[in-house]
Amino acid sequence: APPSLDSLSTVLNQRMLLMKEVATWKAEHHLPVEDLPREQAVLKEAREKAAAAGLAPQSVDPFMHALMNAGKAIQYRYLADWQSSPDGAHHAVDLAVLRQQIIALDSQLLQALHQRLQAGAFADEDIMWLSAQLNVPNLSAEDKKAVLASLRLIRLGT
Ligand SMILES: O=C(O)C(=O)C[C@]1(C(=O)O)C=C[C@@H](O)C=C1
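Undergrad: Could you give an account of the site of the ligand, naming the residues involved and the relevant values?
TA: Around the ligand there are 15 residues in total, and Arg15, Lys26, Glu39, Gln75 and Arg99 lie nearest to it. Lysine 26 is positioned such that a nitrogen or oxygen atom in its side chain is 2.6 Å from an oxygen atom of the ligand. The backbone of aspartate 35 places a nitrogen or oxygen atom 2.9 Å from an oxygen atom of the ligand. Protein chains bury 100% of the 360 Å² of accessible surface belonging to the ligand in isolation. Every element with two or more residues in the shell around the ligand is listed here: α1 (3-28), α2 (36-53), α3 (61-84) and α4 (95-118). Per-element tally for the shell around the ligand: the top contributor is α1, with 4 residues. Considered class by class, the residues forming the shell around the ligand number 6 nonpolar, 1 polar and 8 charged.

Given below as structure tokens:
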């Protein structure tokens, strides 16, 4: 796969892997998984980073929503698993630190997307290749599909 597609898959997996850490913090602090004000902030930041990277800012909205929906679903599945068998005394990473990491990964994602789109639109093989690379625990096939479908809506800026 071309380098931009490689980094796209790596960074997507890293973002989704962080959801286990986010869920650990939330379980320890009795916080709900969904945080809508935070989602607005992530989206706003993503539009700004998209514009700076040379993408059409609003065109990343469905992708960011799909990523956050996948992120919530992954967290809910961990919490459900830990109800029946607790994960042990694993110390939670501070949510503020995790959120900085998420924002940094989003920036990398948008840059890799810009690089990839400069070479042309996603082909079916690219999507199939990415689908095989995305392999984090608790990511459902449906959520993976939604993330991949939303990639095709992202456009270069003018
Ligand atoms: O920051 C959080 O609290 C997260 O759970 C991560 C995240 C995201 O994917 O960026 C996912 C769900 C929340 O509703 C908000 C943001």
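Undergrad: So what's going on with the nonpolar core? Which residues, and what values?
TA: Counting 46 residues, the largest nonpolar core has Leu8, Phe63, Met64, Leu113, Phe122 and Leu151 as the members making the most contacts within it. Taken together, the elements giving at least two residues each to this core come down to α1, α2, α3, α4, α5 (124-133) and α6 (141-151). Apart from residues no more than four positions distant in its own chain, phenylalanine 63 is found in contact with Leu12, Leu109, Leu113, Val147, Ser150, Leu151 and Ile154.

Undergrad: Could you give me a rundown of the side chain of aspartate 143, with the residues and numbers involved?
TA: In this fold, aspartate 143 is placed in helix α6. Take aspartate 143: its relative accessible area is 17%, and that puts it in the buried class. Those residues in contact with aspartate 143, other than ones at most four positions away along the chain, are Ala70, Ala73 and Arg77.

Undergrad: Requested: an account of the environment of aspartate 6, with residues and values cited.
TA: Along the chain, aspartate 6 falls in helix α1. A sequence separation of 123 residues divides aspartate 6 from tryptophan 129, and the C-alpha atoms of the two residues are 9.7 Å apart. The contact partners of aspartate 6, leaving out residues within four places of it in the chain, are Ala1 and Trp129.

Undergrad: Lay out the pattern of salt bridges with the relevant residues and their values.
TA: This model, assessed by the stated rule, comprises 10 salt bridges. As a salt-bridge pair, arginine 15 and aspartate 106 come within 2.7 Å of each other at their nearest N and O atoms. Of this pair, arginine 15 sits in helix α1 while aspartate 106 sits in helix α4; the two residues are 91 residues apart in sequence, bridging distant segments of the chain. Residue aspartate 61 pairs with arginine 47 through a salt bridge whose shortest N-O separation is 2.7 Å. Here arginine 47 lies in helix α2 and aspartate 61 lies in helix α3, a separation of 14 residues in the sequence. Since its relative accessible area comes to 12%, aspartate 61 is described here as buried. A single salt-bridge network, built from bridges that share partners, covers Glu34, Glu39 and Lys72.

Undergrad: Summarise the packing of α1 against α5; cite the residues concerned and give the values.
TA: Here α1 crosses α5 at 35°, and the two axes come no closer than 10 Å. The handedness of the crossing between α1 and α5 comes out as right-handed. Two secondary-structure elements touch here, α1 through Leu5, Asp6, Leu8, Ser9 and Asn13 and α5 through Asp126, Trp129, Leu130 and Gln133. Here the residues of the contact of α1 with α5 are counted per class, giving 4 nonpolar, 3 polar and 2 charged.

Undergrad: Which residues make up the environment of phenylalanine 63, and what values do they have?
TA: Positionally, phenylalanine 63 belongs in helix α3. Counting along the chain gives 92 residues from phenylalanine 63 to arginine 155, while the straight-line C-alpha distance between them is 11 Å.

Definitions and limits used
Residues numbered from 1 in each chain as written. Predicted model: local features only at pLDDT ≥ 70, side-chain atom pairs only at ≥ 80, totals over all residues. Heavy atoms only, no water. Near = heavy atom within 4 Å. Polar contact = N/O pair within 3.5 Å; in protein donor to acceptor, adjacent residues only side chain to side chain. Areas by Shrake-Rupley, 256 points an atom, 1.4 Å probe, with all protein chains shown as cover. Helix = DSSP H or I, 4+ residues; strand = E, 2+ residues; numbered from the N terminus. Nonpolar A, V, L, I, M, F, W, Y, C, P; charged D, E, K, R; others polar. Core = buried A, V, L, I, M, F, W, Y, C linked by side-chain atoms within 4.5 Å. Buried < 20%, exposed > 50% of the residue type's maximum accessible area, 1.4 Å probe, protein only. Contact = heavy atoms within 4.5 Å. Salt bridge = Lys/Arg side-chain N within 4 Å of Asp/Glu carboxyl O. Axes fitted to C-alpha atoms, helices over the stretch in contact; angles between N-to-C directions. Left-handed = near helix turned anticlockwise from the far one by under 90°.

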